[in-house]
Each structure stands twice: as C-alpha cells, then as structure tokens.
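# Tertiary structure, described
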Amino acid sequence: MSARLRALLLHWTGAVPVLAVVLLALSWGRSLPVALVVLVSCFLAGSVLAAVHHAEVIAHRVGEPFGSLVLAVAVTIIEVALIVTLMADGGDKSTALARDTVFAAVMITCNGIVGLSLLVGALRHKVAVFNAEGTGAELGAVATLSGLSLVLPTFTTTTPGPRFSTTQLIFAALAALALYGLFVTTQTVRHRDYFLPVTTDDEAIDTEEHAEPPSRKRALAAVGLLALALVAVVGLAKAVSPTIESGVAAAGLPSSVVGIVIALLVLLPETIAAVRAAKRDRVQTSLNLGLGSAMASIGLTIPAVAAASAWLPGPLYLGLGATHMVLLALTVMVGTLTVIPGRATPLQGGMHLALLAAYIVLAVSP
C-alpha cells in the first residue's frame, strides 16, 4: 500500500467509514441503549460527511458539471436508502414518508441551498452571476417532476387518498427516470457549457485554478470509501430510525418532521459545498448542486419507492396538501424570476430563504 493511500485511510474521512461499518456489524439487530444511540448517530453523521467528501474528490477529478452530478447522485442514494429503510420499519406511520422527504429536499435545495448561495455570492462579490440557460433548464425540470410526482396524486380519482393507482405510479416513475436521464444528457453532453460557471462578462469558466486534480489512484480509493460510507449510512440509519420517530412523537411534532430531519441530514454537507463554491464566485456550481440534487431527489427517489412499494407494507401517499402546494408554486414563481436575469442581488437570496423558513415553521406548526 502506497504512503498516500495509507495517509488517506488514516485521515478521518477514510477512518470513519471503516469504523462505522465495524460499529454497524456489532449493533445490527440489537436494541440500542441511549449511549449507543448517541454513538451510532455520531458515526452516522460522520459517514454522511465522509461520503460527500469522497464524492467531492471524485468530482474534482472528473470536473464540472460532472462533479456536481456525482455529488448530487451520491447524496440522493443516501436519501433513498434512508427513506426505504424507515418505510420498511415504520408501518402505517411511514406511508407519507417518501413524499415528506422528497418535498423537504425540494424546499431545502431550491430555497435553502439556492438562497444561501445567492446571498453569500452577492454579498461577497456584489452580484451573483450564473448561466440563466442552464439554471432555467434545471428549474423547469424540477417544476415538471414536482408537478407530476407530488401534485397530481392529490387530484387523481382512481384510488382514494392522495396516491396514484398502480398504472399511474408506473407512469410517474418512468417519466421521472426519463426526464432525469434527459437532464443528465443535456448537462454533461449536448449543452455542457450551459452549466459551467460564468464571469460577469458571461464567459464560461472551464478550468479551476485552486488545486490540482487528485491522482487516478486517489480517485479510485475515494470510490471505494464512498461505497463503504454509503453502506454505513444505510445500516446505521436503520439502527437509529426507531429513536428518530419516537423522539419526534414525544416532542408532539407532526410525523412529516421525520422527513425534514432526513433531508437536513443528507443535504447539510452539500449545502456547505455550495456555500464554498459561492464564496469562490462559482455560483453556477452552487446552483448545479442545489437544483441538481432536487432533480435527483425526485428523479431517482420516486422510481425507487415505486419499486419498493410492491413489497413495503401500506399504501404510498405522494400527493401534497394545499399548504405545501402553495409553497411549491411560490418557489417555482420566485425561482423563475430569479433565474431570468442571470444575476442576483442579496434580495433574491433573502426571498428564497424566507420561503424555506415559512416551510419549516408550517411543518412544525401546521
């Protein structure tokens, strides 16, 4: 083993996934006392951070916009794994968990990550500059998939409740996969330049000067450690899921708060990455991370839970309520007005953050 590879494994991002998998093996299938739940939670958070770190290493190797895509897909895999894990153990209480988590991810990415990135970029560089063509395509795809997957189930009549029939669910899953695949092709092949950071003169920035790309060996090591971290996240989430749900219930909060907790957990590291990019005047990279994660969250999660619903207990509720549909409509409208000029001031960032704050307040106090 080379000295560099040993150093990578000894670094906390290499050590945490390994130790987390060991802890998972020791705690699997056991009732956990409070002290062990705290320890497992710490390693769960550490594994999420390590997973995103290794995704960033891979992203740096392959460049933009591929890097943002790798990070978004890695985070979404974590999200899907957590959703399916909690749904498998949650019984009737988890029938709306997928909807709550996906919508929380949409609100956090489209308002939280986007708003914070625009605010930081505009405050640091006077105006946040991005490519309106690429960002508009991302926002349009998010709006389309949100409407097909989260709004329509509220109004269909074939089955009772805010859910699709089997035929409708299959269509929604296939449409989500097809549109996400088309989006990835557009982002990485046909119109890659639309998703590159731009200067104030609207010139694309296709190179980074802050660091040399990692070596091929380090990138391959990051791929292995990323896979290990994802396994740890899935297993440890299953171990602490009863504690999360009982804690929310004990606090007297709605069950939808569980979905927000999951989304916040998996998107916090990505939020940090987006803010870092905004500080470097790479706002387009920040928007790729935020809106790309929203796309991946819907485009991959809905097909995954649709497939899992064949063996998961209980119905699958996907339709949003009236309050959440209003928030989604406001998000799309404000997002459209933000994207059209291709540049933003702190005001636009503040508007998006206000919508996120309204969502969180109404989730805690409907």
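Up top is the structure these notes are about.
I will try to describe carefully the structure that is included in this document. (Residues numbered from 1 in each chain as written. Predicted model: local features only at pLDDT ≥ 70, side-chain atom pairs only at ≥ 80, totals over all residues. Heavy atoms only, no water.)

### Overview of the side chain of Ser146
The test is simple: Helix and strand labels come from DSSP, where a helix needs a run of H or I of at least four residues and a strand needs a run of E of at least two; each type is numbered from the N terminus. Between N or O atoms, a polar contact is any pair within 3.5 Å; within protein, one atom must be a potential hydrogen donor and the other a potential acceptor, and residues adjacent in sequence are included only when both atoms are from side chains. Should any heavy atoms of two residues lie within 4.5 Å, those residues are counted as being in contact.
By the element assignment, Ser146 lies in helix H6 (residues 132-155). Within the structure, the side chain of Ser146 is placed 2.7 Å from the backbone oxygen of Val142, a separation counted as a polar contact. Setting aside residues no more than four positions away along its own chain, Ser146 makes contact with Val106, Val151, Ile298 and Leu328.

### A short note on unusual backbone geometry
The condition is simple: To sort residues, take the accessible area from a 1.4 Å probe on protein chains only and compare it with the maximum for the residue type: under 20% means buried, over 50% means exposed, and anything in between is partly exposed.
Even without being a glycine, Lys126 presents a positive backbone phi close to 75°. Mapped onto the elements of the fold, Lys126 is located in the loop between helix H5 (97-125) and strand E1 (128-129). Even without a glycine there, the phi angle at Asp281 is positive, about 65°. Tracing the sequence through the fold places Asp281 in the loop between helix H9 (256-279) and helix H10 (283-308). Judged by relative accessible area, Asp281 falls into the partly exposed class, the value being 23%.

### A word on the packing of H5 against helix H12 (residues 346-364)
How we decide: Here the axes come from fitting lines to C-alpha atoms, over the contacting stretch only for helices, and the angles between their N-to-C directions go from 0 to 180 degrees. For classification, angles of less than 35 degrees are called roughly parallel, those exceeding 145 degrees roughly antiparallel, those between 65 and 115 degrees roughly perpendicular, and all remaining angles oblique. Helix crossings get a hand from a simple test, with the near helix turned counterclockwise from the far one by less than a right angle marking a left-handed crossing and a clockwise turn marking a right-handed one. Think of it as three bins: nonpolar holds Ala, Val, Leu, Ile, Met, Phe, Trp, Tyr, Cys and Pro, charged holds Asp, Glu, Lys and Arg, and polar takes everything else, Gly as well.
H12 packs onto H5 with a crossing angle of 150° between their chain directions and a minimal axis gap of 7 Å. Taken together, H5 and H12 sit at an angle that is classed as roughly antiparallel. When you trace H5 past H12, the crossing you get is left-handed. Of the residues in the contact of H5 with H12, the class split is 16 nonpolar, six polar and one charged.

### Examining H6
What counts, and what does not: For a helix, the expected span equals 1.5 Å multiplied by the residue count minus one.
With 24 residues, H6 should reach 34 Å at 1.5 Å per residue; the first-to-last C-alpha distance of 33 Å fits that figure. Listing the buried residues of H6 in full gives Gly134, Thr135, Glu138, Leu139, Ala141, Val142, Leu145, Ser146, Ser149, Leu150, Val151 and Pro153. Elements in contact with the buried residues of H6: H5, helix H7 (166-190), H10 and helix H11 (322-339). The N-terminus of H6 is capped by Asn131, whose side-chain oxygen sits 3.0 Å from the backbone nitrogen of Glu133.

### Regarding the nonpolar core
Where we set the bar: Nine residue types can take part in a nonpolar core, namely buried Ala, Val, Leu, Ile, Met, Phe, Trp, Tyr and Cys, and a core is a set of them joined through side-chain atoms within 4.5 Å.
Core analysis: the largest hydrophobic core is formed by 93 residues, its most contacted members being Met87, Phe103, Leu118 and Tyr359. Those residues in contact with Leu118, other than ones at most four positions away along the chain, are Ala128, Phe130, Val283, Leu287, Thr338, Ala344, Gln348, Gly349 and His352.

### A look at the packing of aromatic side chains
Cut-off, in case you're wondering: Here is the rule: rings of Phe, Tyr and Trp (six-membered ring for Trp) pair when centre to centre is within 6.5 Å. Planes less than 30 degrees apart are stacked, more than 60 are edge-to-face, and the remainder are tilted.
One pass over the structure, following the stated rule, counts three aromatic pairs. Look at Phe103 and Tyr359: their rings are 5.5 Å apart centre to centre, the planes differ by 80°, and that puts the pair in the edge-to-face class. Of this pair, Phe103 sits in helix H5 while Tyr359 is found in helix H12, placing the two residues 256 residues apart along the sequence. Pair check on accessibility: Phe103 and Tyr359 agree, each one buried. Taking the centre distance of 6.2 Å and the plane angle of 90° together, the rings of Phe183 and Phe195 count as edge-to-face. One end of the pair, Phe183, is in helix H7; the other, Phe195, is in the loop between H7 and helix H8 (216-250), and twelve residues separate them in sequence. For Phe183, a relative accessible area of 7% corresponds to the buried category.

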